[in-house]
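Per-entry structural report
The chain contents come next:
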Amino acid sequence: MLWLDDKLKPPWVEVELASLTQRRQGKRKQQSSVFSWNTRLTKYFKAGQHHKTIEHFQQMQQQGMVPDSFTFIRVLNACTSLRALEKGRHIHMQIVESCGESNVFLASGLIDMYAKCGSIEDAWTVFSKMPTRNVVLWNAMILGFVKCGQSQRALEVSKQMECEGVEPDRVTFIGLLNACASVPALEEGRHVHEQIIQSGFESDAFVGSSLVNMYAKCGSIGEAWRMFNAMPKRDIVAWNAMILGNVKCGEEQKALRLYRLMQLRGVKPNRVTFMAVLNACASVAALSKGRRVHKQIIQSGCVSDAFVGSSLVDMYAKCGSIEDASSVFNMIPVRDVVAWNAMILGHVKCGQGQEALQLSQQMQQEGVDPDSVTFVGILSACASVAALEEGSRVHKWIIERGFGSHPFVANSLVDMYAKCGSIEDARRVFDRMPTHNLISWNAMLGGYAMHGQAEEALGHFEQMCEKGVEMNSVTFVVLLSACKHRGLLDEGLHYFESMGSVYGISATVEQYTCMVDLLGRAGHLDEAEDLIKTMSCEQNACVWIALLSSCRNHSNVKMGERIAKWVQKLDPGNPAGYVLLSSIYATAGKWDLSRRIEKLRLEKGVSKQSACTWIEVNNEIHKFVTSDDKHHQMVEIETELKRLSMQMKDSGCWPDTKSVLGDVEGNTVFHSCHHSEKLAIAFGLISTPPKTPLHIYTNLRVCDDCHTATKFISKLEERAITVRDGNRFHCFEDGVCSCRDYW
Ligand SMILES: [Zn+2]
Ligand SMILES: [Zn+2]
């Protein structure tokens, strides 16, 4: 209705118009307000203030504003960033109420939100309900599947998309290439590549990088190189893909060269690059390169990134610099399981089992969820210091966490119990395992060997043959050492011969060392020497040391002198040659020569491996080193040792002096009174109630004197004492040792 002249308007029209204008203004006011609310929403969202975005949305509703699809998409994005699934579901309901279920724009936001919040089935429901699906929706669904690790389904969905005749765009291709990379599916990747060429997207930089990434991750490094070299402009994604791909296929040096080249071309590395390069440094133990990368990381500001931090810890630990690993570890604000694992495994690798166990307890206190790698690390830490109580506690933790039947963890449990002295528990875990692989069989065999249970070891080996288990070199090292610990020469010779002829495994220096040891102990010194000289593999110092120690046991000075020269030639820094030869002279009463060899060792700066002994008392591990005076109960320990020494003197049991040269203290009967084994045993005696069995672990072969003394103590104090030395277990009871003095 058009009134040319306002004056002609009738009064009722006036009223009508007034109310209309009012309504119009109201709506305009509402619209402009929604617009300003949305602007603020966007501002918060872009600043990464996701909680504030959601709060703002709630305030907006409280003030009676009706959100539009733009509002909804922003608040959905905020939920996605916060991984706030429940909040997201709530928004979904509101969307259905106010906009229905067919808005493509909102549906793709919902799919994205559900996929990223880990509820891919909800995403699929939203997708399935859509009456028409355009490429944006398909892309959201494909990327959703890739994001939540269901790349195979992403590839299936793409086939459906093809059937429905929807043309893929570059986003689709990037999504599909990522799917192929993570499956990995090389053939399908090549098919996608063909489609890309047909659609003319090959020259797109992002598509090109994704192609390089796909080929590298699918293990076709040649095709990756070809794509990479053909790219006119390479972005960081392409460089990272190439570096990672080379690390993955064991070409660490090429990866490091690419890293340098990339910097020369002026491409700035990012966190992904740093993680890949650190991985390469760790694999080839390139410590100085690793340090340089560390400096660059500090310069780039990525040093506070948790993942980069974990990679740094891992690199330092694997390169053997546990101090650097610790200082990086202590600076990471939020430490994930990868960082903890790297630290625990790093300490185990450096022989610091006790420190590894302390870390695992700290990790538990900080509430970090362990994974299978963590447990393997902790168990090998327990095994390394023979911490049985701690090991059983960890076993309970493993069961609680549902890792009891994980194959690696179960194998480590068998190994841990065997090395901590409980062969029965090892067997129990072994019997409960649903399936056994070679590592499980070898772990159990190793347990029997260490415990000197040769019959059980041979029986176990026969069982392996019956079950058709494919043996490896380790199996035979363990089997032969079982024979060695019991002096089973004939059996040893039989297995050594059949190893090559029946099982097709060529002998390595480890098996030769066992055989030399076996022959030497049985007094066949010449045969042992002949065996070394006709070895089919390269000789090393260890095999000669085995023979040299037999020369000592059989007091063969002439041969000992000759063999010591071999040890000296092959490994000049090895103290065993000096120590054994000096001991051979001492046994033969040639004290001058003995002292001269000791002097020569010191002059050459060859230090003896330091002896350490660990004992677990009341869930705590105590470490002793020879001539230790750091322990807080040292006075009590000394008193106890004097008491034992007097008792031993009275009983007329004088210890052996063969192996204690240079340790003579004079005052006590114990010539090697300050050997760490004795300190640990004395500490065990005064810290536990009478008759409590003692478990100790010492890193070197137990000396004759300590062995004699321990036998005596086990009878005098009526204690069962289990000692694991560098070679095997000794179970002392009532004055005898399970090794029958053969070790
Ligand atoms: Zn000793
Ligand atoms: Zn023994």
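To keep things clear, this report deals only with the structure shown in the data block. Please read these numbers as outputs of a predicted model, since none were measured by experiment. (Residues numbered from 1 in each chain as written. Chains lettered and ligands numbered in written order. Predicted model: local features only at pLDDT ≥ 70, side-chain atom pairs only at ≥ 80, totals over all residues. Heavy atoms only, no water.)

**Points about the side chain of N246**
As for its position among the elements, N246 is in helix α13 (residues 236-248). Relative accessible area serves as the criterion here: at 1%, N246 is assigned to the buried category. Excluding anything up to four places from it in sequence, N246 contacts I221, W225, E251, E252, K254, A255 and L258. (Helix = DSSP H or I, 4+ residues; strand = E, 2+ residues; numbered from the N terminus. Buried < 20%, exposed > 50% of the residue type's maximum accessible area, 1.4 Å probe, protein only. Contact = heavy atoms within 4.5 Å.)

**A word on the coordination of the zinc ion (ligand 2)**
Within the protein, the zinc ion (ligand 2) binds to H707 (NE2), H730 (ND1), C737 (SG) and C739 (SG); these donor distances fall in the range 2.0 to 2.2 Å. Taken together, the 4 donor atoms surrounding the zinc ion (ligand 2) define angles of 106 to 115° at the centre, an arrangement classified as tetrahedral. In the primary structure, the donors to the zinc ion (ligand 2) are separated according to the pattern H-x22-H-x6-C-x1-C. You can see H707 sitting in helix α37 (residues 704-716) and its partner C739 sitting in the segment after β6 (736-737), a full 32 residues away along the chain. The exposure classification of H707 matches that of C739, with both residues buried. (Donors = N, O, S within 2.8 Å, 3.2 Å for Na, K, Ca; no water. Tetrahedral: all angles 85-135°; square planar, octahedral: opposite > 155°, others 65-115°.)

**A closer look at the sheet that holds strand β1 (residues 612-617)**
Spatial ordering of the open sheet is given by β2-β1-β3-β4-β5-β6, a layout of 6 strands whose pairing is mixed. Here the strands that pair on one side only, and so sit at the sheet edges, are β2 (620-625) and β6. (Pairing = 2+ DSSP bridges.)

**Here's the deal with helix α28 (residues 489-501)**
Its 13 residues give α28 an end-to-end C-alpha distance of 19 Å, which sits within 8% of 18 Å, the value for a rise of 1.5 Å per residue. When we look at burial in α28, the residues that qualify are L489, G492, Y495, F496, S498 and M499. In this structure, the buried side of α28 is in contact with α26 (454-466), α27 (473-486), α29 (509-521) and α30 (525-533). (Expected span 1.5 Å × (residues − 1).)

**Some details on the pairing of strand β5 (residues 729-733)**
The pairing of strand β4 (residues 721-724) with β5 spans 4 bridges and is antiparallel. Residue pairing for β5: T722 is matched across the bridge by C731. The turn joining β4 and β5, which pair antiparallel and follow one another in sequence, is formed by 4 residues. Bridge count for β5 against β6 is 2 bridges, and the pairing is antiparallel. Residue pairing in the sheet places F732 in a bridge with C737 of β6. Hairpin remark: β5 followed by β6, antiparallel, with 2 residues in the connecting loop; positive phi at D734, about 50°.

**Re the packing of aromatic side chains**
In this structure the tally under the stated criterion is 19 aromatic pairs. Ring geometry for F430 versus W441: centroids 5.3 Å apart, planes at 75°, classification edge-to-face. Taken together, the residues F430 in helix α24 (residues 423-432) and W441 in helix α25 (residues 438-450) connect sequence positions 11 residues apart. Under the relative-accessibility criterion, F430 is labelled buried at 1%. Judged by its relative accessible area of 4%, W441 falls in the buried class. Linked through ring pairs, W124, F127, W138 and F145 together constitute an aromatic cluster. (Phe/Tyr/Trp six-rings, centres within 6.5 Å; stacked < 30°, edge-to-face > 60°.)

**Considerations on the pattern of salt bridges**
Under the criterion given, the structure shown has 32 salt bridges. Two residues, K318 and D314, come together in a salt bridge whose shortest N-O distance is 3.3 Å. Of this pair, K318 and D314 both sit in helix α17 (residues 306-318), separated by 4 residues, roughly a single helical turn. Here E529 and K533 are joined by a salt bridge, their closest N and O atoms 3.0 Å apart. On the criterion of helical spacing, the pair formed by E529 and K533 is a turn pair, its members being 4 residues apart in helix α30. Its relative accessible area of 5% is what places E529 among the buried residues. Judged by relative accessible area, which is 47%, K533 ranks as partly exposed. Taken together, the shared-partner salt bridges in this structure form one network comprising E86, R89 and D122. (Salt bridge = Lys/Arg side-chain N within 4 Å of Asp/Glu carboxyl O.)

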